[in-house]
Amino acid sequence: MTTRVLIAEDDSTFRGFLRTVLKGEGYDIREAAGGEEALALLRRESFDLVLSDLRMPGIGGLELLRASREDPYPPAFVILTAFGTIEEAVAAVKEGAADFLTKPLKDPDTLRVLVGRVLSGKSREREYLALKETETAGLPPEDLIFAGEAMAPVRRLVGEVAPTGTTVLISGESGTGKELIARAVHLLSPRHGAGFVAVNCAAIPEPLLESELFGHERGAFTGAVQARRGKFELAQGGTLFLDEIGELPLPLQAKLLRVLQERAFERVGGNREIRADVRVVAATNRDLAVEIRERRFREDLFYRLNVFPVALPPLRERRDALPHLVNWFIRRFSGMTGKKIRGIEPDAMAALKRYPWPGNIRELQNAIERGVILARHALTLDDLPDTFRAPLPAGQEGEGVLKGVEREAILAALKSCGNNRRLAAEKLGISRRTLQYRLREYGLVGDDRDGAN
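Reading the values: the criteria
- Residues numbered from 1 in each chain as written.
- Predicted model: local features only at pLDDT ≥ 70, side-chain atom pairs only at ≥ 80, totals over all residues.
- Heavy atoms only, no water.
- Helix = DSSP H or I, 4+ residues; strand = E, 2+ residues; numbered from the N terminus.
- Buried < 20%, exposed > 50% of the residue type's maximum accessible area, 1.4 Å probe, protein only.
- Contact = heavy atoms within 4.5 Å.
- Areas by Shrake-Rupley, 256 points an atom, 1.4 Å probe, with all protein chains shown as cover.
- Pairing = 2+ DSSP bridges.
- Axes fitted to C-alpha atoms, helices over the stretch in contact; angles between N-to-C directions.
- Arc of directions from axis to C-beta.
- Salt bridge = Lys/Arg side-chain N within 4 Å of Asp/Glu carboxyl O.
- pLDDT = per-residue confidence, 0-100.
- Phe/Tyr/Trp six-rings, centres within 6.5 Å; stacked < 30°, edge-to-face > 60°.
- Lys NZ or Arg CZ within 6 Å of the ring centre and 35° of its normal.

(A) Highlighting the overall build of the chain. Check the secondary structure of the chain and you find 19 helices and 12 strands. The buried share among the 453 residues of the chain stands at 48%. Across the chain, every contact between residues at least 6 apart in sequence was considered, and the portion connecting residues at least 24 apart equals 70%. Accessible surface computed for the chain: about 21,900 Å², of which carbon and sulfur atoms make up 51%.

(B) Layout of the sheet that holds strand β4 (residues 76-82). Ordered by their spatial adjacency, five strands build an open sheet running β2-β1-β3-β4-β5, and the pairing between neighbours is parallel. Edge strands, defined here as strands with exactly one partner in the open sheet, are β2 (28-32) and β5 (99-103). Averaged over all pairs of adjacent strands, the angle between their axes in this sheet comes to 20°, without regard to strand direction. One ladder, built from five bridges, connects β4 with β5; its direction is parallel. Paired with Ile79 across the strands is Phe100, a residue of β5. Along the sheet, helix α2 (residues 35-44) contacts β1 (4-8), β2 and β3 (49-53); its crossing angle with β2, the most-contacted strand, is approximately 140°.

(C) Focus on the sheet that holds strand β12 (residues 308-311). Reading across from one edge, β7-β8-β11-β6-β12 is the order of the five strands in this open sheet, with parallel pairing throughout. Strands at the two margins of the open sheet, each flanked by one partner only, are β7 (196-200) and β12. Put simply, the sheet's adjacent strands are angled 20° from each other on average, direction ignored. Judged from the five bridges that link them, β7 and strand β8 (residues 239-243) form a sheet pairing that is parallel. Note that in β8 the partner of Phe196 across the bridge is Thr239. Sitting on the sheet, helix α7 (residues 152-161) is in contact with β6 (168-171), β11 (279-284) and β12, with an inclination near 155° to β12.

(D) Structural detail: helix α3 (residues 61-68). What α3 keeps buried is the set Gly61, Leu64, Leu65, Ala67 and Ser68. Down the axis of α3, the buried side of the element spans an arc of 165°, and every buried residue falls inside it. The elements touched by buried residues of α3 are β1, α2, β3, β4 and α4 (86-94).

(E) Summary view of the environment of Glu25. Position of Glu25 relative to the elements: it lies in the loop between α1 (12-23) and β2. The sequence separation of Glu25 and Gln226 amounts to 201 residues, and the corresponding C-alpha distance is 7.9 Å.

(F) Representation of the pattern of salt bridges. Counted under the stated rule, the structure contains 25 salt bridges. Where Glu210 meets Lys255, a salt bridge forms, and the shortest distance between an N and an O atom there is 2.2 Å. Of this pair, Glu210 sits in helix α9 (residues 206-214) while Lys255 sits in helix α11 (residues 250-262); the two residues are 45 residues apart in sequence, bridging distant segments of the chain. Between Arg267 and Glu217 there is a salt bridge whose closest N-O contact spans 3.7 Å. With a gap of 50 residues between them, Arg267 in the loop between β9 (264-265) and β10 (274-275) and Glu217 in the loop between α9 and α10 (231-234) connect regions that are remote in the sequence.

(G) Summary view of the confidence of the model for the chain. Overall, the predicted model of the chain reaches an average pLDDT of 84, with 88% of residues at or above 70. Per-element confidence in the chain ranges from a low mean pLDDT of 68 for helix α17 (residues 398-416) to a high of 97 for β6. Of the regions scoring below 50 in pLDDT, residues 131-136 engages in 17 contacts with residues more than four places distant in sequence or in other chains. Under a pLDDT of 50 for its full length, residues 393-399 has, in the predicted model, four contacts with residues more than four places off or in other chains.

(H) Up close: the packing of aromatic side chains. Scanning all chains against the criterion turns up 10 aromatic pairs. Ring geometry for Phe302 versus Tyr303: centroids 5.3 Å apart, planes at 65°, classification edge-to-face. An aromatic cluster of three or more residues is present, and its members are Phe214, Phe232 and Phe265. Directly above the ring of Phe47 sits Arg4, whose terminal nitrogen or CZ lies 4.8 Å from the centroid.

Put into structure tokens, the structure is as follows:
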């Protein structure tokens, strides 16, 4: 995203000088010839930085600084001042301005360096605040995260490893709550006061992933108009969560291995070594032993990550937790939608308990969200997706019942999505790889007409 800068200066010549220098740095510039015009722009648009003359007709720089605080993420401020008003500029800094520049200013490098430093500090501040805001947003309580007898060993492992700095590898099917466990490790650790930074290694295009992880220097590649900190730097002092680690390309696996070994890295295009004071927690829904045999994952990296393995059970092995999870999601989505849903009808809960949950907790969350939207007073069977009303195959018992229901759920999802496997996997809340595995397991792989979908 382009950095946006507002220049509030009544001297047109000096304003033109500032504009020329900063446009050359790739910033998106807006200009105001007076305080009233600048205030109108501040209330209408969002800026990363304001360069404001301290004294302008009407509204001056100090008044603009105070007005900018109405924004939840106010811009950084640099005050422009003449030599005779430096004391006033210092007072503005005490009120929250990042710095000040004295006029006349003839050296463009002085402006470039100061603006770069201020924006870098503002970026760190915003990133940290955003991380702290999202760190616990929407998280269920600890008792709910570990609900169910099958989660008792996981709770014990998390309690043992969290206070240490040990690298953790969380494994489990898609939708089992691996990120929640990673956050629990962070929040129960001495690093809980710093950031929790999550990266989905499967969601970022390979050409961008290295920069996303390690950052880049200005000019490192086309479009790199300024230096950028990567996730490792953002997580300094805290925890970096690498989700879908099995999707990490082999070249980046080698670089990640070096960071884990040396506790240091370099930005893309840079040659300065940066120390990595970061606790790494990784997660995968792949069998990394198979990935190693297929030469898609480095064995040495696996052993660096697998120092303390934590395996999560699927939801079908946590059926005793279903009532707690369902009621939590009903309360959560009732609050989000402004509805007052009082609970769930017994036949609907029975349908949830016999369902095989190929998409695990993520699928449950999607089902309850849909149900809350449709429900009037309490969640009924009719409020749930069609897959929960599929009849059980006759004569099936025990595990066969679960497999039969799962098979019918997959068939229903495929039918409702026009046999599009990608859409069916999304509807079920599972990865397409998991869906393909289930199709083969249940003998449902016919012609691959939708193979590209």
